[in-house]
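Listed here are the chains, written in short residue letters.
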Amino acid sequence: MQRRSVLTSALGALGSLLAAGCAPVPSARGSTATPPAPTPLRPRSEVAVTGGVHGDEPSGALVLPELEALGFATFGPCNPWGFAHHKRGLADGRDLNRSFARDDVPEVAAVQRFLEARRPALLLDLHEDRDAAGGYLIQHGPDDDLGRRVIRALGDEFAIDPEPSFLVVTGEDGVLRPSAAVLGVVELSRFYGLAFHAWLALGITTLVVECPRGWPLADRLRWHRRVVETAHALLGPPRAEALGARPPR
Ligand SMILES: [Zn+2]
């Protein structure tokens with residue numbers, strides 16, 4: 001994701017707000033507690049993964065065949081020209097990930113057809129960030145805590161960005177979760193990306209998955225695969241079963 005440093009006092013408290021009310025979840029590693037009863041998982045095909053929206057962030061597209069072989073629903077590279085030419089934007093220079101409110105961009109229409117056909121329970125959109133200090137997630141879906149649980153589960157495996165930021169929003173501990181108010185402003189701007197579109201159009205939680213571009217390619221691929229696998233494992237049962245047994249927040 002392209003980032004710029006914009007400080008805003010109005011949103012400065014967002015990170016601490018996001019941190020409130022979340023009970024700690026013990027790591028699976030080293031825990032001696034009796035494991036809970038297995039939770040029925042959704043089929044992997046109900047988890048959609050997109051990559052290659054930004055053509056100069058190759059790991060997100062390169063990992064898709066591996067994820068597809070595991071049973072996940074994949075689509076990409078979403079920006080095939082950019083991927084082939086190692087360019088962030090489309091052939092005309094526009095940023096695909098700021099174009100999802102438009103109806104005249106073929107690459108947008110292709111992703112929308114994929115999502116409409118699949119109607120996934122979760123979407124993960126894979127990216128790289130040249131400025132990140134570690135892996136992090138941007139979660140669209142302010143009522144969900146999935147992003148925080150994924151990061152906690154992976155904290156022993158990967159370096160996590162302690163203070164991720166995107167545009168005017170900052171997060172902490174590897175999770176950036178815009179509030180409903182911020183998401184409303186983004187919608188009004190008509191200048192939004194794939195993950196926001198999927199959240200808005202399908203009403204599902206979506207995660208933008210970011211990792212440092214400076215990581216070796218093998219590590220970037222492994223990060224993406226582990227985030228997808230972990231998010232699927234933590235997604236829980238289909239909604240009808242989840243209603244009576246929602247995870248603690
Ligand atoms: Zn990106």
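In the block above lies the structure referred to throughout.
Residues numbered from 1 in each chain as written. Predicted model: local features only at pLDDT ≥ 70, side-chain atom pairs only at ≥ 80, totals over all residues. Heavy atoms only, no water.

Asks: Just give me the short version of the pattern of salt bridges, but keep the residues and values in it.
Replies: Counted by the stated rule, this structure contains 18 salt bridges. The partner of Arg226 in a salt bridge is Glu157, with the nearest N and O atoms 2.6 Å apart. Of the two residues, Arg226 is situated in helix 10 (residues 217-235) and Glu157 in the loop between helix 7 (146-154) and strand 5 (165-166); the sequence distance between them amounts to 69 residues. Through salt bridges with shared partners, a single ionic network connects Asp56, Glu57, Arg88, Asp95, Glu128, Arg213 and Arg220. (Salt bridge = Lys/Arg side-chain N within 4 Å of Asp/Glu carboxyl O. Helix = DSSP H or I, 4+ residues; strand = E, 2+ residues; numbered from the N terminus.)

Asks: Describe the packing of helix 6 (residues 106-118) against helix 9 (residues 194-202), listing the residues and the values that go with them.
Replies: The interhelical angle for the contact between helix 6 and helix 9, taken along N-to-C directions, is 40°, at an axis separation of 11 Å. Between helix 6 and helix 9, the interaxial angle falls into the category oblique. By crossing handedness, the relation of helix 6 to helix 9 is classed as right-handed. Of helix 9, the residues touching helix 6 (which contributes Val111, Gln112, Leu115 and Glu116) are Leu194, His197, Ala198 and Leu202. In terms of residue class, the contact of helix 6 with helix 9 is made up of five nonpolar, two polar and one charged. (Axes fitted to C-alpha atoms, helices over the stretch in contact; angles between N-to-C directions. Parallel < 35°, antiparallel > 145°, perpendicular 65-115°, else oblique. Left-handed = near helix turned anticlockwise from the far one by under 90°. Contact = heavy atoms within 4.5 Å. Nonpolar A, V, L, I, M, F, W, Y, C, P; charged D, E, K, R; others polar.)

Asks: With reference to specific residues and values, describe the packing of helix 8 (residues 180-189) against helix 9.
Replies: At a minimum axis distance of 11 Å, the contact between helix 8 and helix 9 shows a crossing angle of 100°. Compared by their axis directions, helix 8 and helix 9 come out roughly perpendicular. The segment helix 8 lies against helix 9, with Leu183, Val186 and Glu187 engaging Phe196, Trp199 and Leu200.

Asks: Tell me about unusual backbone geometry, residues and numbers included.
Replies: A cis amide bond, omega 0°, links Gly76 with the succeeding residue Pro77. Note on placement: Pro77 falls in the loop between strand 2 (73-75) and helix 5 (80-85). In this structure, His86 takes a positive phi of about 55° despite not being glycine. Mapped onto the fold, His86 is located in the loop between helix 5 and helix 6. When its relative accessible area of 63% is taken as the criterion, His86 is described as exposed. (Buried < 20%, exposed > 50% of the residue type's maximum accessible area, 1.4 Å probe, protein only.)

Asks: I'd like to hear about the coordination of the zinc ion, residue by residue, with values.
Replies: Around the zinc ion, the protein contributes the donor atoms His54 (ND1), Glu57 (OE), Glu57 (OE) and His127 (ND1), at 2.1 to 2.6 Å from the metal centre. Considering all four donor atoms around the zinc ion, angles at the metal cover 54 to 147° and the coordination shape is irregular. Spacing between the donor residues of the zinc ion along their common chain follows H-x2-E-x69-H. Here His127 lies in the loop between strand 3 (122-126) and strand 4 (136-140) and Glu57 lies in the loop between strand 1 (47-51) and helix 3 (59-62), a separation of 70 residues in the sequence. (Donors = N, O, S within 2.8 Å, 3.2 Å for Na, K, Ca; no water. Tetrahedral: all angles 85-135°; square planar, octahedral: opposite > 155°, others 65-115°.)

Asks: Can you tell me about the nonpolar core, naming the residues and giving the values?
Replies: One finds Val49, Leu124, Leu126 and Trp223 to be the most contacted residues of the largest nonpolar core, which totals 24 residues. Secondary-structure elements contributing two or more residues to this core are strand 1, helix 4 (64-69), strand 3, helix 7, strand 8 (206-210) and helix 10. Beyond its immediate stretch of four places on either side in the chain, Trp223 contacts Gly135, Tyr136, Leu137, Ile151, Leu154, Phe158, Ile160, Val209, Glu210, Cys211 and Trp215. Listed in part, the 21 residues of the second largest apolar core include Ala48, Val53, Ala73 and Val108. (Core = buried A, V, L, I, M, F, W, Y, C linked by side-chain atoms within 4.5 Å.)

Asks: Quick rundown of the packing of aromatic side chains? Include the residues and the values.
Replies: In total, this model carries six aromatic pairs according to the counting rule given. A centroid spacing of 6.0 Å and a plane angle of 80° characterise the contact between Trp215 and Trp223, whose relative ring orientation is edge-to-face. Here Trp215 matches Trp223 in class, with each residue buried. Through a chain of ring-to-ring contacts, the aromatic side chains of Phe158, Trp215 and Trp223 assemble into a single cluster. (Phe/Tyr/Trp six-rings, centres within 6.5 Å; stacked < 30°, edge-to-face > 60°.)

Asks: Could you give an account of the sheet that holds strand 2, with specific residues and numbers?
Replies: Spatially, 2-1-3-8-4-7 is the arrangement adopted by the six strands of the open sheet, whose pairing is mixed. Of all strands in the sheet, those with a lone pairing partner are strand 2 and strand 7 (175-176), marking the two edges. Where strand 4 and strand 8 come together, five bridges link them in antiparallel fashion. The partner of His140 across the bridge, within strand 8, is Thr206. Helix 6 contacts strand 1, strand 2 and strand 3 of the sheet and is inclined by roughly 170° relative to strand 2. (Pairing = 2+ DSSP bridges.)

Asks: I'd like to hear about helix 10, residue by residue, with values.
Replies: Compared with the 27 Å implied by 1.5 Å per residue over 19 residues, the 27 Å span of helix 10 between its first and last C-alpha is a close match. Burial in helix 10 covers these residues: Arg220, Trp223, His224, Val227, Val228, Glu229, Thr230, Ala231 and His232. In the segment just after helix 10, Gly236 is the residue with positive phi, at about 85°. (Expected span 1.5 Å × (residues − 1).)

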